[in-house]
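# Survey of secondary and tertiary structure
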Amino acid sequence: MNLDATPVFKPAIEQEELDAARKALELGWLGMGGYVGDFERQLQSFLGAADRHVVAVSTGHAALHLGLLLAGVGPGDEVITPSFNNAADFQAILATGAEPVFCDIDDDTLCIDLASAERLVSPRTKAVIVMDYDCVLCDHDRVAEFARSHRLRVIHDAAHSFGSKYKGRMIGSFSDIAMFSFDPVKTITCIDGGALVVRTEEEMSRLHEMRLIGMSQPAKVMYTNARAWTYDIKSIGFRYHMANLHAAIGLAQLSKVDRIIESRRASCRYYNRHLGRIAGVTVPKTTFEDISPFLYYIRVPARQRDELRRFLGERGVDTGIHWQPGHWFTLLKNCRRDDLGVTERVGEEILSLPLFAFMSEDTLERVVDGITAFFRQNR
Ligand SMILES: Cc1ncc(COP(=O)(O)O)c(C=O)c1O
C-alpha cells in the first residue's frame, strides 16, 4: 500500500469516535448492550421511521442473511438479484439454501432492470434483492409494483444509500425489508455493523432471536447491559448481534452524519462538473439532490479502464472496481440468468474514484488532473 496515495475510501475518524471508543471500553460491557439500543433508536429517528423497527446486527452480510430468512427464503427457492451486486448478497442467498438468479441492470442507473427481472420470475421465485448503486437510486415505486404483482418479498439493499431520499422519503423508511451496512468504508461506519428495518414487532422479535443464536433473550434486558440466564430456543440462530463498542462508534458517526453527507455530496458535484466534460468519460446521471453518495464511479471505454487505473496509480491515486459481476465468479457461473448485456459491458467499464468525507480540493484536483491528462494523451 502506498501510504501517500489518495485512497478510494477513508473513514471519518475524529476525536468523537476516539472518545466514544474509550468510553465504551471503560464501561467494560463490550458485547450486545445499551449502546446498541441507543444506536437503533437514533437510526430510527434519523430515518424518520417511527412506524418501523430497526435491528442492529454485526455486518451488512448478516443483515442480508437474516432479511432473507425473515422473508421465508430457503432451500429450493430462487432469489432474483442483479448480477451487478456485492458478493455478500450472493453469499447471503446461498447461505439460506436458495439460489441466486441474475437479472441485468439499467444502462443509466446501473440499478435493477425490472423488465429483465420480470423475465426470470418462476414458481420458485420467493424474493428480489434490489440495490441502490453508489450514488443512484432504484425506482422504488416500480420495484414495489413489480413485487406486488408477483407476490415477492423485497430485500432492499441500501448499503450504498444511507442518508439518501427517494421522492422525499428517507431510504430505509418505506421498503418491505431494508438493510444497511456500516462496514469500515461505508458513509458512516461502526468498524463493522449492519442494520435491518422491518415493518412489524413480530419481525423485529424474530430478528432479535436470530441475531443471538436463537435465544429468546429479551433485547430490553440486554439494553441494560445485563443478560437473562434462562431462555428458550425455538428457531435457528446465529451470532450476528452488534457489539456495544461498535454501536458507540456508530453513534459518534451519526452525530455528524449531516456534515459527512454534505462533504461527500460536494466532492461528487466537483467530480461531475470537471469529469463530465471529458470525452470518453461517462459520469453518474444525477445532480446529487437528496443523495448521500457512498461511492463515485465513472465509466470509461473497456479497453482503457485498466490502463487508466495504472496511470492514476502511478500518480498516487487509488481506484477501485465495484464490481466484477456475480456470474463471472466460479461459484456462480452456472446460476440461471437473463441476457446480461449491460452488466457485461459495465463490468469492464466501471471505475470507482476516491470518495470520502472532508476531501480537500487539492485531493479532488489531483484525481481530476490525472484523468484529464490520461485522456489528453490517449484520445
Ligand atoms: C451493496 C452492498 N451490500 C452488502 C454489503 C455487505 O456489507 P458488509 O460489508 O457490512 O457485510 C456491501 C459491502 O460492501 C455492499 O456494498
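Computed from a predicted model, the values in this text were never measured in an experiment.

## Some words on the site of the ligand
In the vicinity of the ligand, 16 residues are found, and the nearest of them are Gly 60, Asp 157, Ser 181, Asp 183 and Lys 186. Between the ligand and His 61 there is a distance of 2.8 Å, counted from an oxygen atom to a backbone nitrogen or oxygen. Interatomic distance of 2.6 Å between a side-chain N/O atom of Lys 186 and an oxygen atom of the ligand. Starting from 390 Å² of accessible surface for the ligand in isolation, the protein chains cover 87%. Of all the elements in the fold, those that place two or more residues in the shell around the ligand are α3 (60-70) and α4 (87-95). Looking at which element gives the most residues to the shell around the ligand, the answer is α3, with three residues.

## A look at helix α6 (residues 140-150)
Of all the positions in α6, only His 140, Val 143, Phe 146 and Ala 147 are classed as buried. Along the long axis of α6, the arc covered by the buried residues comes to 115 degrees, so they all point the same way. With respect to the buried face of α6, the exposed residues turned more than 90 degrees away are Arg 148 and Ser 149. Residues of α6 that are buried make contact with α5 (114-120), β4 (125-131), β5 (153-157) and β6 (165-166). With its phi angle positive at about 55 degrees, Arg 151 sits one or two positions after the end of α6.

## Comments concerning α4
Residues of α4 that are buried include every one of Ala 88, Asp 89, Phe 90, Ala 92 and Ile 93, and no others. Residues of α4 that are buried in the fold lie against α3, β2 (78-82), β3 (99-103), β4 and β5. Two or three places before Ala 88, at the opening of α4, Asn 86 has a side-chain oxygen 2.8 Å from that residue's backbone nitrogen. Two residues or fewer after α4 comes Gly 97, characterised by a positive phi angle close to 95 degrees.

## Re the side chain of Glu 209
With respect to the helices, strands and loops of the structure, Glu 209 is situated in helix α7 (residues 201-210). Filtering out sequence-adjacent residues up to four positions away, Glu 209 remains in contact with Gly 214, Met 215, Ser 216, Lys 234 and Ser 235.

## Quick notes on the nonpolar core
One broad rule of soluble globular proteins: the nonpolar side chains tend to lie buried together. In terms of nonpolar packing, the biggest core is built from 97 residues, with Phe 39, Leu 275, Tyr 296, Ile 298 and Ile 371 touching the most fellow members. In this structure, Ile 371 is in contact with Leu 275, Ile 278, Val 281, Ile 298, Leu 308, Leu 312 and Leu 353, ignoring residues within four places of it in sequence. If you look at the next biggest cluster of nonpolar residues, it comprises 28 residues, including Leu 68, Ala 88, Ile 177 and Phe 238.

## Focus: the packing of helix α1 (residues 15-27) against helix α9 (residues 244-254)
Look at α1 against α9: their axes get within 8 Å of each other, and the N-to-C directions meet at 150 degrees. Accordingly, the angle class assigned to the pair α1 and α9 is roughly antiparallel. As α1 packs across α9, the resulting crossing turns out to be right-handed. For the pair α1 and α9, contact is made by Glu 16, Glu 17, Ala 20, Ala 21, Ala 24, Leu 25 and Leu 27 and by Asn 244, Leu 245, Ala 248, Ile 249, Ala 252 and Gln 253, respectively. Of the residues that constitute the contact of α1 with α9, the class distribution is nine nonpolar, two polar and two charged.

## Some details on the sheet that holds β3
Overall, mixed pairing links the seven strands, which are arranged β1-β9-β8-β5-β4-β2-β3 in an open sheet. Of all strands in the sheet, those bounded by a partner on one side alone are β1 (53-57) and β3. Neighbouring strand axes in the sheet, compared pairwise and without regard to direction, differ in orientation by 25 degrees on average. As judged from the four bridges shared by strand β8 (residues 177-181) and strand β9 (residues 194-198), these two strands associate in the antiparallel manner. Paired with Phe 180 across the bridge in β9 is Ala 195. α3 rests against β1, β2, β4, β5, β8 and β9 of the sheet, and its axis sits at about 165 degrees to β8. Each of β2, β3, β4 and β5 touches α4; the most contacted strand, β3, lies at about 140 degrees to it.

Conventions we followed
- Residues numbered from 1 in each chain as written.
- Predicted model: local features only at pLDDT ≥ 70, side-chain atom pairs only at ≥ 80, totals over all residues.
- Heavy atoms only, no water.
- Near = heavy atom within 4 Å.
- Polar contact = N/O pair within 3.5 Å; in protein donor to acceptor, adjacent residues only side chain to side chain.
- Areas by Shrake-Rupley, 256 points an atom, 1.4 Å probe, with all protein chains shown as cover.
- Helix = DSSP H or I, 4+ residues; strand = E, 2+ residues; numbered from the N terminus.
- Buried < 20%, exposed > 50% of the residue type's maximum accessible area, 1.4 Å probe, protein only.
- Arc of directions from axis to C-beta.
- Contact = heavy atoms within 4.5 Å.
- Core = buried A, V, L, I, M, F, W, Y, C linked by side-chain atoms within 4.5 Å.
- Axes fitted to C-alpha atoms, helices over the stretch in contact; angles between N-to-C directions.
- Parallel < 35°, antiparallel > 145°, perpendicular 65-115°, else oblique.
- Left-handed = near helix turned anticlockwise from the far one by under 90°.
- Nonpolar A, V, L, I, M, F, W, Y, C, P; charged D, E, K, R; others polar.
- Pairing = 2+ DSSP bridges.

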